[in-house]
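Structural overview
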Amino acid sequence: MSDVTAAPRAGRGVGRGARRAEQAFWAGLAVVVAIFLAGAWQRRWIADDGLIVLRTVRNLVAGNGPVFNAGERVESNTSTLWTYLIYFTHEVVGYRLELVALGLALTLSMVAVACAMLGARVMYRGTRRAPAGGPVLLLPFGVLVYVMLPPARDFASSGLETGLVICWIGVMWLGMQLWARAPHREGPFGLPAPATAVLAFVAGLGPLVRPEMALAAAVFLALMAAARQSWRHLGWLVVIAGTAPVVYQLWRMSFYALPYPLTAVAKDAGGSKWDKGAEYLWDLLAPYVLVLPLAAVLVAGVVALWARTAPRRAAGPASSGHPLLRLGIRSSHRGSGSGGTVADSVQRGADEDSVPGGVVAGSARGGDDDDEVGRLLRLRGAVRSTRVVTIAFLVVAVVMLLYVTRVGGDFMHGRVLLPSLFLFLLPVSVVPLPVGPARGSADASVRRVAVPVTAAAWLVVVGWAVTVQVTEDPFREEPETITAAGIVDERQFYIQRTGHRHPLLADDYLDFPRMRALVRDVSRNETGAVFLPVPGFQDRWDVLSYDRPMPGLAPFELPEEPVKTVVFLNLGMTSMNLPLDVGVYDTVGLASPLAAHTDRMEDGRIGHDKFLPYDWVLAQTRVIEDPVNFPRWIDVNWVNQAEVALQCPATQALIESYSAPLTPERRWSNLVNAFSFAEYRINRIPAYEVQRCGLPMPEEVEKYQGTR
């Protein structure tokens, strides 16, 4: 009697354990999101580069179009989708732009973490319709490394697109894992299932999230394209995934006359600075001893993989009749979890028939042909599997890490490495521990090794997380300085320079050196002027007013709309604290096309390794005609040479591409010449640029040594 009742009792015990494990997973997800939200909120801020984005949004709201300065078609924001997401959200809710950016960044960051854990859950457990494996307790693991890392918490707000980037990655991770578990279905005319269509559309948005996400999108879409399907289904996927990015790309090239944002030109995103990139990587690893939790995560991931495959190998070929099962791959063509089969609509109307299990029977072909076709179809069926999808994400992680290292990283501590780190941690976002009794001796042997090793790795990660939480002060008192490699903790830097623990609004940056003086000088000026920061002073600006009447005005008559131009490195705080009718430019090329089209300085600071001297702005604006009116630190000869250099035909064509009226002819010219404009470079030294263009050198003028 006891033997008869033992099995049902054991089954009920396993069922209760599975339910408790499920409850524990959801509780763990809620705790992780809460921890991340609390840490991000504690470090809430908006970066100067985040304010750059908002200047473009202000112009959109004002009806000037997606530009940084009205009248110039310049794309100063790296993430197209982030710009429009802020704009449309602002149009709906009407809140202040800085608060809209904060709310969106925090929300997207939390969604990203939740999707990471949910995707890993699907990887280990499958779905309700296609369950996989036995009941396991899924503990938060690799995701803890990310949410406890100070830079990850910093850039969960910041006003930058980092939250959008990792959210897109997280959604693709969850979506691709669900896709791998779902059976292939096609509707009339080969239409993809709604979930597959949405996944393809989201994947196609990758280049609009950030240009380098095109690499990730290409891998994900290639995986979907390689899976077994009809040609009509594949055609629909291409249309769904490609329409938005292709249409925007054509519009971008015709509007901005560039194939990618100006920021990519300014930072020479195709350049190579491996040594700088290695320094940038170490700058993230070293301060937090990040190698320790990453090593623990790696060990636990390898052990989890071994634990999933070892019992299957020990069971032998008897348990794996299907060739895909012998590979340890779950075929998406084997039907739902109920045991039914799925009628593949692949190649309907062709000369082959689809049978359950996805094996194709040839009707009038030789055995060799059937074998070849069968192998190809089995291979394409294997593409749509958990293992292949997981490997694809790890490949993308490696590619993104190599790309970031190759271009030299960034000047903000840790920022551009966060997507690569997030990608690496996705498969081990949670770690599995078995629930219930072992299923045989092989399973018991595996558990004796896997459980203690996994538990030890989990304790290492949790211990590291607690240590980071205790030791890392979010509001350090010691001065934050730029390292020899040009890297800085951007948030800490601006906290100390503004005196605000949470610099969230553009107004908070008025306490940054020079800002209040600039706003005062601009508001007082009535004639029009160019405003340049005085070297060596933190509260002074040289106001170079027009030294002649504007066209159509009598002497001493004030213009109704004076032309004002400001040049300053900190582009975001400057542009957000000034009216939209004030032109704001920088010297490194984020909003200044001429600066972006100079060559990188060999040993310059990453992200700031281009510099266009102020003489070019003075030459373009022609604010001063009489040399005696120049400040002493400006060389009138450089200004004169820059005026001549600007007459170079190729340079004139570049300037007209973004400033001339946007006629249909201009759009077509921009479209066909966009790649040429992207490659065009000028010499930042005016005299050398005059020589390069073969123009006559202006006569030397004796520099006026005045007192100004």
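Not measured: the values here are computed from a predicted model.

Turning our attention to the overall build of the chain. Looking only at helices and strands, the chain features 28 helices and eight strands. Long-range pairs, those at least 24 residues apart, make up 75% of the contacts in the chain with a sequence separation of at least 6. When the accessible surface of the chain is summed, it comes to about 30,800 Å², and 62% of that surface belongs to carbon and sulfur atoms.

Right, let's get into the sheet that holds strand β5 (residues 529-533). Reading across the sheet, the four strands line up as β6-β5-β7-β8 and stay open at both edges, with mixed pairing between neighbours. Taken across any chain shown, the strands that pair with only one partner, and hence form the sheet edges, are β6 (541-545) and β8 (582-585). Each adjacent strand pair in this sheet contributes to an overall mean axis angle of 20°, direction not counted. Strand direction decides the pairing type here: β5 and β6, joined by five bridges, are antiparallel. If you follow Phe-531 over to β6, its bridge partner there is Val-543. Against the sheet, helix α21 (residues 515-524) contacts β5, β6, β7 (564-567) and β8, and its axis sits at roughly 20° relative to β6.

Moving on to the state of the cysteines. Per the counting criterion, the structure on display carries one disulfide. What pairs with Cys-648 in a disulfide is Cys-693, and their sulfur atoms sit 2.3 Å apart. What sets the handedness of the Cys-648 and Cys-693 disulfide is the S-S torsion sign, and at about -90° it is left-handed. Residue Cys-648 is located in the loop between α25 (636-645) and α26 (649-659), and its partner Cys-693 is located in helix α28 (residues 686-693); the two are separated by 45 residues in the primary sequence. For Cys-648, a relative accessible area of 5% puts it in the buried group. Left unpaired, Cys-115 is separated from the closest cysteine sulfur, that of Cys-167, by 6.0 Å.

Within the sequence span of α26, burial applies to Thr-651, Leu-654, Ile-655, Ser-657 and Tyr-658. Buried positions in α26, seen along its axis, are confined to an arc of 155° and lie on one side of it. The elements touched by buried residues of α26 are α11 (231-256), α23 (593-596), α24 (614-621), α25, α27 (664-679) and α28.

Turning our eyes to something else, we now look at the packing of helix α17 (residues 386-406) against helix α18 (residues 418-425). The geometry of α17 relative to α18 is characterised by a closest axis approach of 8 Å and an angle of 155° between their N-to-C directions. When the axes of α17 and α18 are compared, the pair comes out roughly antiparallel. Considering the relative orientation of α17 and α18, their crossing is left-handed. Along its contact with α17, which presents Phe-393, Leu-394, Val-396, Ala-397, Val-398, Met-400 and Leu-401, the element α18 presents Ser-420, Leu-423 and Phe-424. Along the lines of polarity and charge, the residues of the contact of α17 with α18 split into nine nonpolar, one polar and no charged.

With a phi angle near 50°, Val-289 is a residue other than glycine that sits in the positive phi range. Residue placement: Val-289 occurs in the loop between α13 (274-285) and α14 (291-315).

For the rest of this paragraph, the subject is the confidence of the model for the chain. Across the chain, the average pLDDT comes to 87, with 88% of residues at or above 70. Ignoring residues within four places in sequence, the model shows residues 1-7, a span with pLDDT below 50, making zero contacts including any to other chains. Here residues 318-366 is a poorly scored stretch, pLDDT under 50, and it has 80 contacts once near neighbours within four places are set aside; other chains count.

Attention now moves to the pairing of β5. Most of β5 is tucked away, with five of its five residues classed as buried. Of the two faces of β5, the one holding Ala-529, Phe-531 and Pro-533 and the one holding Val-530 and Leu-532 are both buried throughout. When β5 meets β7, the two strands line up parallel, connected through three bridges. When the bridges of β7 are listed, Ala-529 appears paired with Lys-564.

With that out of the way, let us pick up helix α19 (residues 441-471). Between its first and last C-alpha atoms α19 spans 45 Å; for 31 residues at 1.5 Å apiece the expected length is 45 Å, and the two agree. Maximal helix bending in α19 amounts to about 30°, located at Arg-447. For α19, the complete set of buried residues consists of Asp-443, Ala-444, Val-446, Arg-447, Ala-450, Thr-454, Ala-457, Val-461, Trp-464, Ala-465 and Val-468.

Looking now at the pattern of salt bridges. Scanning the model with the defined rule gives 26 salt bridges in all. A salt bridge links Arg-43 to Asp-154; its shortest N-O distance comes to 3.0 Å. Placement of Arg-43 in the loop between α1 (2-42) and α2 (48-62) and of Asp-154 in helix α6 (residues 150-154) is noted, with a sequence separation of 111 residues between them. You'll find Arg-43 and Asp-154 in the same group, each marked buried. Between Arg-520 and Asp-521 there is a salt bridge, and its shortest N-O distance comes to 3.4 Å. Each of the salt bridges in this network shares a partner with another, and the network as a whole consists of Glu-161, Arg-210, Glu-212, Asp-410 and Arg-415.

To continue, consider the environment of Tyr-288. Relative to the helices and strands, Tyr-288 is located in the loop between α13 and α14. Each C-alpha atom of the pair Tyr-288 and Ala-465 lies 9.8 Å from the other, and the pair is 177 residues apart in sequence.

It is worth spelling out the packing of aromatic side chains at this point. The description of an aromatic ring pair uses the distance of the two centres, along with the angle that the planes make with each other. Applying the stated criterion across every chain yields a total of 19 aromatic pairs. Here the aromatic rings of Phe-220 and Phe-393 are separated by 4.5 Å at their centres, their planes lie at 25°, and the arrangement is stacked. Remark: Phe-393 occurs in helix α17 and Phe-220 occurs in helix α10 (residues 213-226); sequence separation between them is 173 residues. The buried category is assigned to Phe-220, whose relative accessible area is 0%. Overall, the relative accessible area of 0% leaves Phe-393 in the buried class.

Together, Trp-274, Leu-394, Val-398, Leu-402 and Phe-424 make up a nonpolar patch on the protein surface, roughly 430 Å² of accessible area in all. The element contributing the most residues to the nonpolar patch is α17, with three residues. Mapped onto the fold, Leu-402 is located in helix α17.

So, how was this worked out
Residues numbered from 1 in each chain as written. Predicted model: local features only at pLDDT ≥ 70, side-chain atom pairs only at ≥ 80, totals over all residues. Heavy atoms only, no water. Helix = DSSP H or I, 4+ residues; strand = E, 2+ residues; numbered from the N terminus. Contact = heavy atoms within 4.5 Å. Areas by Shrake-Rupley, 256 points an atom, 1.4 Å probe, with all protein chains shown as cover. Pairing = 2+ DSSP bridges. Axes fitted to C-alpha atoms, helices over the stretch in contact; angles between N-to-C directions. Disulfide = S-S within 2.5 Å. Buried < 20%, exposed > 50% of the residue type's maximum accessible area, 1.4 Å probe, protein only. Arc of directions from axis to C-beta. Parallel < 35°, antiparallel > 145°, perpendicular 65-115°, else oblique. Left-handed = near helix turned anticlockwise from the far one by under 90°. Nonpolar A, V, L, I, M, F, W, Y, C, P; charged D, E, K, R; others polar. pLDDT = per-residue confidence, 0-100. Expected span 1.5 Å × (residues − 1). Bend = angle between axes of the 7 residues up to and from the residue. Salt bridge = Lys/Arg side-chain N within 4 Å of Asp/Glu carboxyl O. Phe/Tyr/Trp six-rings, centres within 6.5 Å; stacked < 30°, edge-to-face > 60°. Patch = residues over 30% accessible without salt bridge, like charges linked within 9 Å, V, L, I, M, F, W, Y side chains within 5 Å.

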